[in-house]
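One-letter residues, chain by chain:
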Amino acid sequence: MSALSDRFAPAMARATAWYAGLNERERRTVVIGAAVLGVLLLVGGILLPLHGAVSSAAKRAATRREDLTWMQINAPLILAGNATLAPDTGEAPVVVVDRVGRESGLASSLRGTQPSGTGVRVQLEAAPFDTLITWLAILDTRYGLAVESISVDRAARPGVVNANVTFAAPRR
């Protein structure tokens, strides 16, 4: 510690000599200015950033509490959703996909339906986009066939698309 005080001793001696050379009014102005500067540094450098961090943490905690409350309220509904899958129809997934596609109005758009691992791969050309989305939702909600991957390209006419869809194995 003495090495540190030896290092700043000349600067402190000059500051003390300068302060001693001031008249009473100037000394009061320097003391008040130093006090104001100290308060500004304390508030701006420590208290405001600390307040911001605490405030941000409180908002995150409140959001997490709201999320937890929502999850607790909706847990029975979400768990009951697993029971809404249709019973096993005995049909192969490739048959279900093709049949539901034709029932949904995509018969003229289906270009290929083939097994792909445990799922199904489907190619569609010039399919109405809204019909395609409805078909995907029906296969997911009623038959447990979720989309594993999908590629959709715009066709020549508005509202019409070309698509390649791969469905995962049915959830049972």
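Please read these numbers as outputs of a predicted model, since none were measured by experiment. (Residues numbered from 1 in each chain as written. Predicted model: local features only at pLDDT ≥ 70, side-chain atom pairs only at ≥ 80, totals over all residues. Heavy atoms only, no water.)

**A few points about helix α1 (residues 2-20)**
Counted at 1.5 Å a residue, the expected span for α1 with its 19 residues is 27 Å, and the 25 Å between its end C-alpha atoms agrees. Roughly 45° is the biggest bend found in α1, and it falls at A9, with proline P10 one to four residues downstream. (Helix = DSSP H or I, 4+ residues; strand = E, 2+ residues; numbered from the N terminus. Expected span 1.5 Å × (residues − 1). Bend = angle between axes of the 7 residues up to and from the residue.)

**Some thoughts on the packing of aromatic side chains**
Applying the stated criterion across every chain yields a total of one aromatic pair. Aromatic pair W135 and F167: ring centres 5.6 Å apart, planes at 90°, arrangement edge-to-face. Taken as a pair, W135 in helix α4 (residues 129-143) and F167 in strand β4 (residues 160-167) lie far apart in primary sequence, 32 residues in all. Looking at R27, its charged tip hangs above the ring of Y19, at a distance of 5.6 Å from the centre. (Phe/Tyr/Trp six-rings, centres within 6.5 Å; stacked < 30°, edge-to-face > 60°. Lys NZ or Arg CZ within 6 Å of the ring centre and 35° of its normal.)

**A closer look at the nonpolar core**
By size, the foremost hydrophobic cluster in this structure holds 21 residues, and its most contacted members are V97, V122, L124, W135, L139 and F167. For this core, the secondary-structure elements that each account for two or more residues are α3 (93-103), β2 (119-128), α4 and β4. For this core, the element with the most residues is α4, which contributes six residues. Non-local contacts of W135, meaning those with residues more than four positions away in its chain, are made with V97, V100, G101, S104, L106, V122, L124 and F167. (Core = buried A, V, L, I, M, F, W, Y, C linked by side-chain atoms within 4.5 Å. Buried < 20%, exposed > 50% of the residue type's maximum accessible area, 1.4 Å probe, protein only. Contact = heavy atoms within 4.5 Å.)

By themselves, these figures tell us nothing about what the structure is for.
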